[in-house]
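Take a look at the letters that make up each chain.
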Amino acid sequence: MRLIIVLMLTMATIMSLAMPTLCSDDPIYDRCMSATDDPPPWCYQIEVEKIGDPKLCDNILTYWPKADGVHGWCYYRLGLKQKDCTLCNAIQKSDIKVMCRRDVCRP
């Protein structure tokens, strides 16, 4: 039992040390963590929308795992701007996915 607890604490420590290293390689993340105008997940979404690269939307869930609404909004906004219905498929939050399919995928 003690071994399991020690292993869990070791894993938690490694993960907590690895996450800042992972994030520090991302200039958008760094900029958003020091920004004061928009809170971090929304700041990241706004920057991704300016860049226009849908692959960056997945970083939102990497850095903020509970931000599925912001993640979905990221894909939704890019789908609208790029007129790309396939981006709706990456949305996890069902209400945003429905809205995306309605607004982006219509003929």
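Whatever comes next refers back to the structure up there.
A brief structural summary.

What counts, and where the lines are drawn
- Residues numbered from 1 in each chain as written.
- Predicted model: local features only at pLDDT ≥ 70, side-chain atom pairs only at ≥ 80, totals over all residues.
- Heavy atoms only, no water.
- Phe/Tyr/Trp six-rings, centres within 6.5 Å; stacked < 30°, edge-to-face > 60°.
- Helix = DSSP H or I, 4+ residues; strand = E, 2+ residues; numbered from the N terminus.
- Buried < 20%, exposed > 50% of the residue type's maximum accessible area, 1.4 Å probe, protein only.
- Disulfide = S-S within 2.5 Å.
- Core = buried A, V, L, I, M, F, W, Y, C linked by side-chain atoms within 4.5 Å.
- Contact = heavy atoms within 4.5 Å.
- Expected span 1.5 Å × (residues − 1).

1. Notes on the packing of aromatic side chains
Then, in step 1: Counting across every chain of the model gives six aromatic pairs.
Then, in step 2: Ring centres of Y63 and W64 lie 5.7 Å apart, and the angle between their planes is 85 degrees; this geometry places the pair in the edge-to-face category.
Then, in step 3: Ring geometry for W73 and Y76: centres 5.0 Å apart, planes at 40 degrees, overall tilted. Within this pair, W73 and its partner Y76 are both found in helix α5 (residues 68–82), separated by three residues, close to a single helical turn.
Then, in step 4: W73 sits in the partly exposed class, given a relative accessible area of 30%.
Then, in step 5: Judged by its relative accessible area of 7%, Y76 is buried.
Then, in step 6: By way of ring pairs, the aromatic residues Y29, Y44, Y63 and W64 are connected into one cluster.

2. Let's talk about the state of the cysteines
Then, in step 1: Summed over the entire model, instances satisfying the criterion amount to four disulfides.
Then, in step 2: Between the sulfur of C85 and that of C105 lies a disulfide, 1.8 Å long from S to S. The sign of the 95 degrees torsion about the S-S bond sets the C85-C105 disulfide as right-handed. Of this pair, C85 sits in the loop between α5 and α6 (94–104) while C105 sits in the segment after α6, and the two are 20 residues apart along the sequence.
Then, in step 3: For C85, a relative accessible area of 33% corresponds to the partly exposed category.
Then, in step 4: We classify C105 as partly exposed; its relative accessible area is 26%.

3. Points about the nonpolar core
Then, in step 1: One finds Y44, V48, I60 and W64 to be the most contacted residues of the largest nonpolar core, which totals 23 residues.
Then, in step 2: Going through the elements one at a time, α2 (27–34), α3 (40–51), α4 (58–63), α5 and α6 are the ones with two or more residues in this core.
Then, in step 3: Contacts of W64, omitting those with residues within four sequence positions, involve Y29, M33, P40, P41 and Y44.

4. Observations regarding α3
Note: α-helices contain 3.6 residues per turn, so residues at a spacing of three or four share the same orientation.
Then, in step 1: With twelve residues, α3 should reach 16 Å at 1.5 Å per residue; the first-to-last C-alpha distance of 17 Å fits that figure.
Then, in step 2: Along α3, the positions that sit buried rather than exposed are P41, C43, Y44, Q45, E47, V48 and E49.
Then, in step 3: Of the surrounding elements, those touching the buried residues of α3 are α2, α4 and α5.

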